[in-house]
Amino acid sequence: MRLVEPWFGKWNDEAGIWRVLSIEFEIEPKIYSLEELERYIRNCGEDLRVEIRYADEPYGEAGEALKQVLALFDRLREELGKEHFDYVLLPREQVTVDLSPCKYVAELWLELRRTMEWDEWYGENFSALWDILTGLPYKGDDFTILRPRHYTGIPYGDNEGFTEYVDKICAMFQEAQDRVGNITVEVRYTDEAGIEPTI
């Protein structure tokens, strides 16, 4: 059974729904209607399991289109049988990224890779992080990033430079939250009262 994993964000236009479905179902040329989606599912020659994840549930035209898609999925599951077509709405994943104990840049990327379960071939740099947050598969929907506001004890005394590097990582998460809408991000400072790092 082939797994299809669409991930819907805070869209209000119907085109976003068809774009995501076309990409995740690997439909070429892209589809633009319920009828085209049904025709593809019935004729693709594969058993399909669709696992749907929301960042924010679509609204407006996108919300209406998604309701129709889910009604189609209900009907196809009934007609084709769960062994040939099934779908599920996944709960959001909460992930805590603890950057507070890190003293080296490599440790930052290792913590991101470990907690977000990046594929092995993903790079460890800002370009790769942006690509991951805006389209490549990873674990997490709602992120809490733990870090001190100001790092101390960094080797060679580069406390300021290391702090700025972590600032940039946090800013990329927040930009992805604001521009793409697939994730939520909370940055919590461990050097402020009441915040403890994870163990």
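Scroll up a little and you will see the structure.
Engineer: I tried to follow the pattern of salt bridges on my own but got confused; where do I start?
Structural biologist: Think of it this way: side chains of opposite charge can pair up when their charged atoms draw near. One pass over the structure, following the stated rule, counts 19 salt bridges. Measuring nitrogen to oxygen at the nearest pair gives 2.9 Å for the salt bridge that ties R77 to D86. Judged by its relative accessible area of 22%, R77 falls in the partly exposed class. Across the pair E186 and R188 runs a salt bridge whose closest N-O atoms are separated by 3.9 Å. Looking at R188, the relative accessible area reads 31%, which means it is partly exposed. Three or more residues joined by partner-sharing salt bridges are found here, namely R49, E51, D74, R77 and D86.

Engineer: Could you clarify how one ought to interpret the pairing of strand β7 (residues 184–189) in this entry?
Structural biologist: Residues in a regular strand point their side chains to alternate faces of the sheet. In terms of strand pairing, strand β6 (residues 142–147) meets β7 through six bridges, oriented parallel. Along β7, the bridge assignment pairs F143 with V185. With respect to chirality, the unit in which β6 leads through helix α6 (residues 159–179) into the neighbouring parallel β7 is right-handed.

Engineer: Would you mind going over the packing of helix α5 (residues 126–133) against α6 with me for this structure?
Structural biologist: Between two packed helices, both the angle of their axes relative to each other and the distance between the axes serve to describe the pair. Across the interface, α5 lies against α6 with an axial gap of 10 Å and an inter-helix angle of 25°. The pairing of α5 with α6 is recorded here as roughly parallel in orientation. Where α5 crosses over α6, the two elements pack in a sense that is right-handed. On α6, the residues touching F126, L129, W130 and L133 of α5 are Y165, K168, I169, M172, F173, E175, A176 and R179.

Cut-offs used in this document
Residues numbered from 1 in each chain as written. Predicted model: local features only at pLDDT ≥ 70, side-chain atom pairs only at ≥ 80, totals over all residues. Heavy atoms only, no water. Salt bridge = Lys/Arg side-chain N within 4 Å of Asp/Glu carboxyl O. Buried < 20%, exposed > 50% of the residue type's maximum accessible area, 1.4 Å probe, protein only. Pairing = 2+ DSSP bridges. Helix = DSSP H or I, 4+ residues; strand = E, 2+ residues; numbered from the N terminus. Right-handed = clockwise from strand over helix to strand, strands pointing away. Axes fitted to C-alpha atoms, helices over the stretch in contact; angles between N-to-C directions. Parallel < 35°, antiparallel > 145°, perpendicular 65-115°, else oblique. Left-handed = near helix turned anticlockwise from the far one by under 90°. Contact = heavy atoms within 4.5 Å.

Nothing here speaks to function; it is geometry throughout.
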